[in-house]
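Here is how the chains run, residue by residue.
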Number of protein chains: 2
Amino acid sequence: MNRHDLALIGFGGVNRALAEIIHTRGDELAAELGFTLRVVAITDLRLGSLMQSDGIDLGVVLRMGAGATFAGFAGGVAVPQNDYVIRSTTADIVVEATFTNPVDGEPAVSHVRAALESGRSVTTTNKGPVALAGAALNRIAADHGVRFEYEGSVMSGTPALRFASEMLPGTRISAVQGILNGTSNYVLGQMETGRTLADAVAEAQALGYAEADPTADIEGSDVQLKVVILANEILGADITTADVERRGISGLTAADLAEAAAGGTRWKLIGTARRDEEGRVIATVEPVALPLTHPLAGISGPTNAVSFDTDLLGTVTVSGPGAGRIETAYALLSDIIAIDAHQRAVAGATR
Amino acid sequence: MNRHDLALIGFGGVNRALAEIIHTRGDELAAELGFTLRVVAITDLRLGSLMQSDGIDLGVVLRMGAGATFAGFAGGVAVPQNDYVIRSTTADIVVEATFTNPVDGEPAVSHVRAALESGRSVTTTNKGPVALAGAALNRIAADHGVRFEYEGSVMSGTPALRFASEMLPGTRISAVQGILNGTSNYVLGQMETGRTLADAVAEAQALGYAEADPTADIEGSDVQLKVVILANEILGADITTADVERRGISGLTAADLAEAAAGGTRWKLIGTARRDEEGRVIATVEPVALPLTHPLAGISGPTNAVSFDTDLLGTVTVSGPGAGRIETAYALLSDIIAIDAHQRAVAGATR
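The rules behind each value
- Residues numbered from 1 in each chain as written.
- Chains lettered and ligands numbered in written order.
- Predicted model: local features only at pLDDT ≥ 70, side-chain atom pairs only at ≥ 80, totals over all residues.
- Heavy atoms only, no water.
- Pairing = 2+ DSSP bridges.
- Helix = DSSP H or I, 4+ residues; strand = E, 2+ residues; numbered from the N terminus.
- Contact = heavy atoms within 4.5 Å.
- Axes fitted to C-alpha atoms, helices over the stretch in contact; angles between N-to-C directions.
- Buried < 20%, exposed > 50% of the residue type's maximum accessible area, 1.4 Å probe, protein only.
- Right-handed = clockwise from strand over helix to strand, strands pointing away.
- Least-squares fit on C-alpha atoms with pLDDT ≥ 70 in both.
- Buried area = accessible area lost by both parts, 1.4 Å probe.
- Salt bridge = Lys/Arg side-chain N within 4 Å of Asp/Glu carboxyl O.
- Expected span 1.5 Å × (residues − 1).
- Bend = angle between axes of the 7 residues up to and from the residue.
- Parallel < 35°, antiparallel > 145°, perpendicular 65-115°, else oblique.
- Nonpolar A, V, L, I, M, F, W, Y, C, P; charged D, E, K, R; others polar.
- pLDDT = per-residue confidence, 0-100.
- Polar contact = N/O pair within 3.5 Å; in protein donor to acceptor, adjacent residues only side chain to side chain.

### What to know about the sheet that holds strand β1 (residues 2-9) of chain B
Residues and elements named next belong to chain B. Taken in spatial order, the seven strands of this open sheet run β4-β3-β2-β1-β5-β6-β7, and their pairing is mixed. In this open sheet, the two strands that pair with only one neighbour each are β4 (76-77) and β7 (148-149). Sheet analysis places strand β2 (residues 35-44) next to strand β3 (residues 48-51), joined by four bridges and oriented antiparallel. Within β3, the residue paired with Ile42 across the bridge is Leu50. Contacts between helix α1 (residues 13-33) and the sheet are confined to β1, β2 and β5 (93-96), with β1 contributing the most and set at about 175 degrees to the helix.

### Overview of the sheet that holds strand β1 (residues 2-9) of chain A
Residue and element names in this part refer to chain A. The strand order across the open sheet built from seven strands is β4-β3-β2-β1-β5-β6-β7, with neighbouring strands paired in mixed fashion. At either margin of the open sheet sits one strand with a lone partner, and together these are β4 (76-77) and β7 (148-149). Strands β1, β2 (35-44) and β5 (93-96) of the sheet are contacted by helix α1 (residues 13-33), whose axis makes an angle of about 175 degrees with β1.

### Overview of the pairing of β5(A)
All names here are of chain A. Side chains Ile93 and Val95 of β5 all project onto a buried face; the interleaved residues Val94 and Glu96 project onto the opposite face, where all are buried too. The sheet contact formed by β1 and β5 spans four bridges and is parallel. Bridging across to β5, Leu6 finds its partner in Ile93. Bridge count between β5 and strand β6 (residues 121-124): four bridges; the pairing is parallel. For Val94, the partnering residue across the bridge sits in β6 and is Val122. As a crossover connection, the stretch from β5 through helix α4 (residues 108-117) into β6 is right-handed.

### As for the environment of A:Ile86
Residues and elements named next belong to chain A. Position of Ile86 relative to the elements: it lies in helix α3 (residues 82-88). Taking the relative accessible area as the measure of exposure, Ile86 reaches 0% and is therefore buried. Through-space distance from the C-alpha of Ile86 to that of Asp27 is 27 Å; in sequence the pair is 59 residues apart. Residues in contact with Ile86, not counting those within four places in the same chain, are Ile9, His111, Ala114, Ala115, Ser118 and Arg120.

### A closer look at the relation of the copies chain B and chain A
Of the transformation superimposing chain B on chain A, the axial component is 0.0 Å and the angular component is 180 degrees, with the fit at an RMSD of 0.0 Å. The transformation just described matches what one would write down for a two-fold rotation axis. Mapped onto chain A, 100% of the interface residues of chain B are again interface residues, and the two copies thus contact each other with one and the same surface.

### What about the interface of chain B and chain A?
The interface is formed by 39 residues belonging to chain B together with 39 residues belonging to chain A. Sorting the residues of chain B by area buried against chain A places B:Met167, B:Leu312 and B:Tyr330 first, and these three jointly supply 21% of that buried surface. Here chain B and chain A share four salt bridges between them. For the salt bridge of B:Arg25 with A:Asp311, the shortest nitrogen-to-oxygen distance reads 2.1 Å.

### Side note on helix α5 (residues 127-143) of chain B
All names here are of chain B. Its 17 residues place the ends of α5 22 Å apart at the C-alpha level, agreeing with the 24 Å of an ideal helix rising 1.5 Å per residue. Considering bend angle alone, the principal kink of α5 is centred on Ala133 and spans about 95 degrees. Listed as buried for α5 are Gly128, Pro129, Val130, Ala131, Ala133, Gly134, Leu137, Ile140 and Ala141. Where the residues of α5 are buried, they touch α4 (108-117), β6 (121-124), β7, α6 (152-155) and α11 (221-234). Where α5 terminates, the next one or two residues include Gly145, which has phi positive at roughly 65 degrees.

### What about the packing of α4(A) against helix α5 (residues 127-143) of chain A?
All names here are of chain A. Look at α4 against α5: their axes get within 10 Å of each other, and the N-to-C directions meet at 10 degrees. It follows from the interaxial angle that α4 and α5 lie roughly parallel. Note on element contacts: α5 touches α4 through Pro129, Ala133, Leu137, Ile140 and Ala141, opposite Ala108, Val109, Val112, Arg113, Leu116 and Glu117. The class makeup of the residues in the contact of α4 with α5 is nine nonpolar, no polar and two charged.

### Quick notes on α1(A)
Residues and elements named next belong to chain A. Under the 1.5 Å per step criterion, the end-to-end length of α1 is only 24 Å for 21 residues, more than 12% shorter than the ideal 30 Å. Largest kink in α1: about 80 degrees, centred on Arg25. Turning to α1, its buried residues are Asn15, Arg16, Ala17, Leu18, Ala19, Ile21, Ile22, Arg25, Leu29, Ala30 and Leu33. Positioned one or two residues after α1, Gly34 has a phi angle of 85 degrees, which is positive.

### Some details on the pattern of salt bridges
Residues and elements named next belong to chain B. Tallied over the entire structure, the rule returns 36 salt bridges over all chains. Glu286 serves as the salt-bridge partner of Arg247, at 3.6 Å between the closest nitrogen and oxygen. With a gap of 39 residues between them, Arg247 in the loop between β9 (244-246) and α12 (254-262) and Glu286 in strand β11 (residues 281-291) connect regions that are remote in the sequence. Relative accessible area serves as the criterion here: at 48%, Arg247 is assigned to the partly exposed category. Its relative accessible area of 28% is what places Glu286 among the partly exposed residues.

### Examining the confidence of the model for chain A
Residues of chain A with pLDDT of at least 70 account for 99%, and the chain-wide mean is 95. Here the prediction assigns the complex a pTM of 0.97, and the interface score ipTM is 0.96.

### Here we look at the side chain of A:Thr98
All names here are of chain A. Within the fold, Thr98 resides in the loop between β5 and α4. The exposure class assigned to Thr98 is buried, which follows from its relative accessible area of 16%. Within polar-contact distance, the side chain of Thr98 engages the side chain of Glu96 at 2.6 Å. The residues touching Thr98, leaving out its near neighbours within four places in the chain, are Ile9, Gly10, Pro107, Ala108, His111 and Asn126.

### Some points on the environment of A:Thr310
All names here are of chain A. Note on placement: Thr310 falls in strand β12 (residues 304-310). Judged by its relative accessible area of 10%, Thr310 is buried. Sequence-wise, Thr310 and Val95 are 215 residues apart; in three dimensions their C-alpha atoms are separated by 33 Å. When sequence neighbours within four positions are dropped, the list of residues in contact with Thr310 reads Leu168, Thr171, Arg172 and Ile173. Within polar-contact distance, the side chain of Thr310 engages the backbone nitrogen of Leu313 at 3.0 Å.

### A word on unusual backbone geometry
Most peptide bonds take the trans form, and the phi angle of most residues other than glycine is negative. Residues and elements named next belong to chain A. Cis geometry marks the peptide bond from Glu106 to Pro107, where omega comes out at 5 degrees. Looking at the element boundaries, Pro107 is found in the loop between β5 and α4. One non-glycine residue, Ser156, lies in the positive phi region at around 50 degrees. Looking at the secondary structure, you find Ser156 in the loop between α6 (152-155) and α7 (161-167).

### Topic: the pairing of β11(B)
All names here are of chain B. Bridge analysis of β9 against β11 gives three bridges, and the strand direction is parallel. Note on β11: the bridge partner recorded for Val244 is Ala283. In this structure, strand β10 (residues 265-275) lies alongside β11, joined through 11 bridges in antiparallel fashion. Across the sheet, the residue bridging to Leu269 is Pro287, located in β11. Remark: five residues form the turn of the hairpin made by β10 and β11, two consecutive strands paired antiparallel; Gly279 in that turn has positive phi of roughly 90 degrees.

Following this line, the structure appears as structure tokens:
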């Protein structure tokens, strides 16, 4: 049976959840998918680095106590050596799940580039490398005959990019429109019950939906990065965040939402990428008062959704979770499945 | 470039729309998909039969006047010879889009069986053969090394079956739940504005959503067939319509819907297939008062939707058109794309 060896860059919630899935369900997945998964390297700011080319015992790593590092393991050191591990690991797939700086996408961009340049395929859930350097990184991947996959950069495990490419072949997609930030959607829902923005944000923070600094969620810059990804991937644009006009929800009040409800509409923070009559892609992030019949109007709570306007099929919408440890780990797994399928297709075609 | 030759069984709205797509967009599709499409046979109750192994000129056929038959064409006769055409056509893919009897699925079941037995892959949008004879027909397809594809039997071109198999690999799906009949959903929406069931049905008929006899839509037997398909395909059940408890919407009044709205819920006709704790699949069709936060509560007008409950990803929902000439023809095209992909995978693996 085919096998993929993984290097996990970052061992926070998401990569830990991926390790749990592989540990508890590896055999079942192998039977379904036709390949086995092994983790051969892990690096993490807090834990250090660990490389074992015959496979790390995930049960042991997942049970490590607080304050422990990889220094006690064969092949382990207490120092995080991301670049060294990425370039010297025996893994064929690098799983990038570190934090990312929304301004320059670092350190994730460098991690992805190093992995691709050393001939390894990459999956990431980081928006940064995709939105800020996607075209360049895809070129590097193509030059090295490997894959760069990033389904989780838009709606975690809920398919958006792969939905467009795999479920809508043969159609012409003219626009993509979505609720791409769960925190702001949850906050708007709370404000519909009369809460102030500040109270609703505090509630979202208490529930773990919102970060300590909710600005990126509330002011739309998180959605802005995702709109860049959708525009470039699905509409073939070549835009950056500077090309996406952005307005968040901080200008809305509970009274605005009540007034909308009375008039049969609902305010939603909508990210849109649309091809205009001259073929240019126009991208925006802004609150929109949607009629209740709009496919995005009924999306409640922290759920995300994306609608595709097509010629042959009209509007088709996918909704589901947009965050969560296991849900995001599933995005990584779905990327690994896509990398495997691509490698098989290439192997079949060139044999 | 690879090529597929098609035999169109039935030349009503749906297969005519497929012919239009191939005629107007064949070159563009070939560039995107990597194969060309040619129609080499058409049979139709009204038009007769036409076989031209070097490809029928679709422009000519699509412009035929009222009352004309295929008798005037080389290779054409005024008599519909479905079985003869299916068994003797040079096509490698048979596109079945005749009418189907909901009791025994004929004549579509016989068409599909004859095509598969003669070594041709089949795509159909007919619920009948899939719901009533799906397992048997799939065995015949496997025995003859061909494919039987029927994405359009659930929500026309909106992906349901292929969404489960291609977008959710590695997850365990415990339940599938959907709004699978556009007419009844439109009718419920109209009743929410105070209309009676009878008035709403008349409106749906005027708009072309409902048949002259709307019983199958209103009483849930259309949804019942689709629930059988979802249960057997996605949950691996082996059930028939007799196993699906069914109740339609004719017991609901505008007053019921107003009362639900006042209480923050919405009546929807829901088809469900769910695996219970003992592993049995329970399937039902019934009106359900959904809370407004439910992913199916916001589905408006004639739109269809299906939700998948998964372990790794929670609930994911796809919504879109559930009917329409071109939308349903797109389902056929998506099946043809899947047949081509499968043939390439097999060719690659055995080369």
